[in-house]
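Structure at a glance
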Amino acid sequence: MDRTLGSSSEKIQSRERITTLFAAEIRVHLFAFALTVLGLEIFLLINENAIDLKREFFSLMVMAFFLFFCILEYVFGLFASGRASVLVTLIPAVILFFLLKEIETLPYIEIAVCVAVLGRVFSSLLPGRDSVITWGSLILDAVAIILRIQYQVLSGENSTDKLLFVCLSVLTLSTIQEILDWKKSGRFPFYYFVIVGILVAVLPMKQEPIDWSSAIEAGHRLVSGVKGAADSASYYLSFLMGDDFFTAGYSSLNVTGEKVMSSDRDQLILTSSEKPYRIFYDKEVDSNMKMRRNIYLSGGKGVDKESLARLLNFMHSQEVDREKAALFSEISKVNIQYVYLDTPDEIAPNNTIILTSGGQRVAEGVSDKKHKKGYSLSASYLDIDYGSPYLIELVERAQGTGEEAVMPYDEASSYMQSLYGIGLDKIMSKEDYEEFAKSLYAAHGPYVDYDGATDRMTELAKELTLGVNSDYEKCRIIEEYLRQYSYNTKALGGHDQDSDMSTPRGMADIADRFLFETQEGYCVHFTSSMVMLLRLSGIPARASYGYRYAYPFQQQDSYIVSSNCAHVWPEAYLEGIGWVPFEPTSAFMTAADFTWHRAIKTPAKGDGIANPATMSTPIIPEIPEPEEVEVGSEENTEDKTIIQVLNVVVAVVLSVILLIGLLVLGTFAIREVRYKHASPAKKLQIDVEMIKKILRQHYEGVFNDRGLLTDYIDIAPNEYRADVQRIFGAYYRSIYGNSDAKAISQSETEIARGLRQTLKKCK
């Protein structure tokens, strides 16, 4: 029935009401995030990216503060009216702004606070907010499409791009339902669209146009069985639930050298019928020993036909026959299966000569589509012992000999057949060989670029290679010099936080800071340093990326290459032989440490091949003392930031507590002033509302508020029930009585006030 005015009571919010409010808040937050990301993209486009602003960090910080001010608004709402609770949040926002402004390691975070608090105030006080979000979502859709098509942004390079797509998907579906104005009984609840958004988040986002063949493949996988579907779900969820910061694993040269986290996630599975070790005779212990095999798996190279052509001509010029070639080289085979990888790169061993997938030849190092879990390759490659003193002697002899005549294709094919039992025609065509032959002795301009190198790096390169004529010896000296530096994954990148290994300037910045200031790092730092020092010494050098894996001593059915094996290493171009890998990273063993220890049984007289015992060790200068000012400030940066953040947290918490106290006192003071100056009837009304609230709070059972004061009389303590009934009767009389009966006496208001105070103290 209809409720009579004056008989209704204060209601506790139902679960349905709370659910509705929560859904509305989710909608507001999704809209705010989409507006923030798109607004930031437009701002950066207008400023042509002149401002060094991290999209992901800034956007996520805005939403974190937006949520924080939302919570504050609801907390303050317990003690103040709606508008007041919203405006009071500006006070902690101002405090946050000035405190965070002093933290230099968190750039623009104070701006994120301003954007968040203004967005929260605007969204809370905006009239017709639901309509604005409904139609505003369509506008944001249009803006996102224009930015993607016209300006080539929002391509998935940042995690916030995908989150934006998810938010817009949820908002758009909800908006379409609102516009179509479906019947209430047929409406989908907002949580339905949120679930759809979560499913969208699980799907991979690609920069290239949608390839619908993946959907067909997904259908085949679904039909093939439950196990395959479960594996795929686990694979995608592993990326969704990954860490928010960089985790060690397969990557490109777009790495900055910042702190990495160790990870043992499976990335490749290797299978091979060959033993994972080699046996050699150790004279010192007069016994056979095992040496683990070691393999470099490069990304993006594929079949390196040019390197093979160069190696064959080098060995031919040095008159290497089958017996000598076996001292430092042999053809090996390995099968590679991708596990938790999502890359178009073909990952294969260095010096791969034949690469197949599914029985089809693979020539290029990068595919036109991404390979995922289950993709497999079969590789035949030249396994070369770069630590063999025999190979080193050949390299040394080739230095300074100038260009050699290139073998004709037929002769090169026969020569390879004599060395390894396989003709060159099985690997490359005559046209390919002749094309490569034209550039075998070409200059390597891009690999001698040392743009960004500092004066102190130039001086160091001169100091290390002074008086050394052999390029190979220069490489060894620089390698051994760098191995004196400490290995540490909790490292710092270059002075410019955007410096990475994809450019000479980026590598130079990373190397300079590592060499003279921090003096500790991991493969990114060691490799950047060696590449730049080699180039400064006149030797072409490049960085390769992929994995370095050392096989175990026990033969297994398969070998797991984890994320911890991900690696970056330098390669130097040495006259004659071509690209040779080195290992300056102190946590890894060098080629000399993994040498096969093969020796000529009966060296021919005048052979010219060196005795391993005569290989000299270069004299390596000690690393310089780190610059105290620079290193000291950097070592304390992280601790200083933590202290500053803790100070901010403490200040904000104290300000919030103080504001709550002021709101409580202010509310109490206002209530007392209003009560003091109210009419007797108004005082009685206030006392009745307070008595009802106290009775509900003290009642231990389940109370169903039907809007009737008589229900409150039943839950009142027995000793006060008569007084409660009397006060409620006076209240009813003031509402429903005639003009004479409506008057409330002073004694009745005093009784009501006294009853309220007594019940409040009563347990």
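About the criteria used
Residues numbered from 1 in each chain as written. Predicted model: local features only at pLDDT ≥ 70, side-chain atom pairs only at ≥ 80, totals over all residues. Heavy atoms only, no water. Helix = DSSP H or I, 4+ residues; strand = E, 2+ residues; numbered from the N terminus. Buried < 20%, exposed > 50% of the residue type's maximum accessible area, 1.4 Å probe, protein only. Contact = heavy atoms within 4.5 Å. Pairing = 2+ DSSP bridges. pLDDT = per-residue confidence, 0-100. Expected span 1.5 Å × (residues − 1). Axes fitted to C-alpha atoms, helices over the stretch in contact; angles between N-to-C directions. Parallel < 35°, antiparallel > 145°, perpendicular 65-115°, else oblique. Left-handed = near helix turned anticlockwise from the far one by under 90°. Nonpolar A, V, L, I, M, F, W, Y, C, P; charged D, E, K, R; others polar. Salt bridge = Lys/Arg side-chain N within 4 Å of Asp/Glu carboxyl O. 1 Å grid on protein atoms, 1.4 Å probe; cavity = no way out; pocket = protein on both sides within 12 Å on 5 of 7 lines; lining within 4 Å. Points joined across faces, edges and corners; volume = space filled by probe spheres on them. Arc of directions from axis to C-beta. Core = buried A, V, L, I, M, F, W, Y, C linked by side-chain atoms within 4.5 Å. Patch = residues over 30% accessible without salt bridge, like charges linked within 9 Å, V, L, I, M, F, W, Y side chains within 5 Å. Areas by Shrake-Rupley, 256 points an atom, 1.4 Å probe, with all protein chains shown as cover.

**Thoughts on the overall build of the chain**
What the chain contains, in helices and strands, is 25 helices and 17 strands. Per-residue burial for the chain yields a buried fraction of 44% across its 763 residues. For the chain, the share of sequence-separated contacts (at least 6 apart) that also reach a separation of at least 24 residues comes to 76%.

**What to know about the sheet that holds strand E5 (residues 329–338)**
Sheet architecture is open: 6 strands sit in the order E9-E8-E11-E5-E1-E15, paired in antiparallel fashion. Where the open sheet ends on each side, the last strands, each with one partner, are strand E9 (360–361) and strand E15 (559–562). When strand E8 (residues 352–357) meets strand E11 (residues 376–384), the two strands line up antiparallel, connected through 4 bridges. The residue bridging Leu355 from the neighbouring strand is Ala379, located in E11.

**What to know about the confidence of the model for the chain**
Summing up the model confidence of the chain, the mean pLDDT is 79 and the portion of residues at 70 or higher is 77%. Every residue in residues 629–635 is under pLDDT 50, and counting partners more than four places away or in other chains gives 6 contacts.

**Describing helix H22 (residues 680–698)**
Its 19 residues place the ends of H22 27 Å apart at the C-alpha level, agreeing with the 27 Å of an ideal helix rising 1.5 Å per residue. Buried within H22 we find Lys683, Leu684, Ile686, Asp687, Val688, Met690, Ile691, Lys692, Ile694, Leu695 and Arg696.

**Notes on the packing of H22 against helix H24 (residues 721–736)**
Orientation of H22 relative to H24, taken along the N-to-C sense of each, is 135°, at an axis distance of 10 Å. Here H24 runs oblique to H22, going by the angle between their axes. For the crossing formed where H22 meets H24, the hand is left-handed. From H22, Leu684, Gln685, Val688, Glu689, Ile691 and Lys692 reach across to H24, where they touch Ile727, Phe728, Ala730 and Tyr731. Its residues placed into classes, the contact of H22 with H24 shows 7 nonpolar, 1 polar and 2 charged.

**Re the pairing of strand E16 (residues 566–574)**
Within E16, 9 of the 9 residues are buried, which leaves the element mostly enclosed by the surrounding structure. Neither face of E16 is open: one carries Ala566, Val568, Pro570, Ala572 and Leu574, the other His567, Trp569, Glu571 and Tyr573, and all of them are buried. Of the strand pairs in this sheet, strand E14 (residues 541–550) and E16 are connected by 7 bridges, and their pairing is antiparallel. From the neighbouring strand, Arg542 faces E16, where its bridge partner is Glu571. In this sheet, strand E17 (residues 578–581) lies alongside E16 in antiparallel orientation, the contact comprising 4 bridges. Note that in E17 the partner of Tyr573 across the bridge is Trp579.

**A word on the pattern of salt bridges**
Under the counting rule described, the total for this entry stands at 18 salt bridges. With its nearest N and O atoms 3.4 Å apart, the salt bridge here joins Lys372 to Asp342. A residue pair is termed long-range when its members are at least 10 positions apart, and Lys372 in the loop between strand E10 (366–371) and E11 and Asp342 in the loop between E5 and strand E6 (343–345) qualify at 30 residues. The class for Lys372 is buried, based on a relative accessible area of 18%. Among the charged side chains, a network of salt bridges with common partners joins Glu274, Arg278, Arg293, Glu330, Asp383 and Arg598.

**Structural notes on empty space enclosed by the protein**
This model, assessed by the stated rule, comprises 3 cavities of 30 Å³ or more. Approximately 210 Å³ is the volume found for the largest cavity. Taken together, 20 residues form the lining of the largest cavity, with Asp304, Ser307, Asn351, Tyr386 and Trp579 sitting closest to its centre. Elements represented by at least two residues in the lining of the largest cavity include exactly helix H11 (305–317), E8, E11 and E17. Split by residue class, the lining of the largest cavity holds 10 nonpolar, 5 polar and 5 charged.

**Section: helix H14 (residues 409–420)**
Taking 1.5 Å of rise per residue, the 12 residues of H14 would be expected to cover 16 Å, and the 16 Å separating its terminal C-alpha atoms lies within 8% of that figure. Among the residues making up H14, those that are buried are Tyr409, Ala412, Ser413, Tyr415, Met416, Leu419 and Tyr420. For H14, the angular spread of buried residues about the axis comes to 165°, placing them on one side. Where H14 is buried, its residues meet H11, helix H12 (322–325), E5, E8, E11 and helix H15 (430–437). Phi turns positive, to about 80°, at Gly421, one or two residues after H14.

**Structural notes on the nonpolar core**
If you look at the biggest cluster of nonpolar residues, it comprises 105 residues, and the most contacted ones within it are Met315, Leu515 and Tyr547. Among the elements that take part in this core, helix H19 (residues 523–536) stands out by supplying 9 residues, more than any other. Apart from the residues lying within four places of it in its own chain, the contact partners of Leu515 are Met457, Leu460, Leu482, Tyr485, Ser529, Leu533 and Pro624. Membership of the second largest hydrophobic core comes to 44 residues, among which are Leu44, Ile103, Leu154 and Leu171.

**Some thoughts on a nonpolar patch on the surface**
A surface patch of nonpolar side chains, about 220 Å² in accessible area, is lined by Tyr108, Ile111 and Val115. Mapped onto the fold, Tyr108 is located in the loop between helix H4 (90–100) and helix H5 (109–125). When its relative accessible area of 32% is taken as the criterion, Tyr108 is described as partly exposed.

**A closer look at the packing of helix H18 (residues 504–518) against H19**
Between H18 and H19, whose axes approach to 8 Å, the crossing angle comes to 110°. Taken together, H18 and H19 sit at an angle that is classed as roughly perpendicular. Contacts between H18 and H19 involve Pro504, Met507, Ala508, Ile510, Ala511, Phe514 and Leu515 from the former and Val524, His525, Phe526, Ser528, Ser529, Val531, Met532, Leu533 and Arg535 from the latter. For the contact of H18 with H19, a count of residues per class yields 12 nonpolar, 3 polar and 1 charged.

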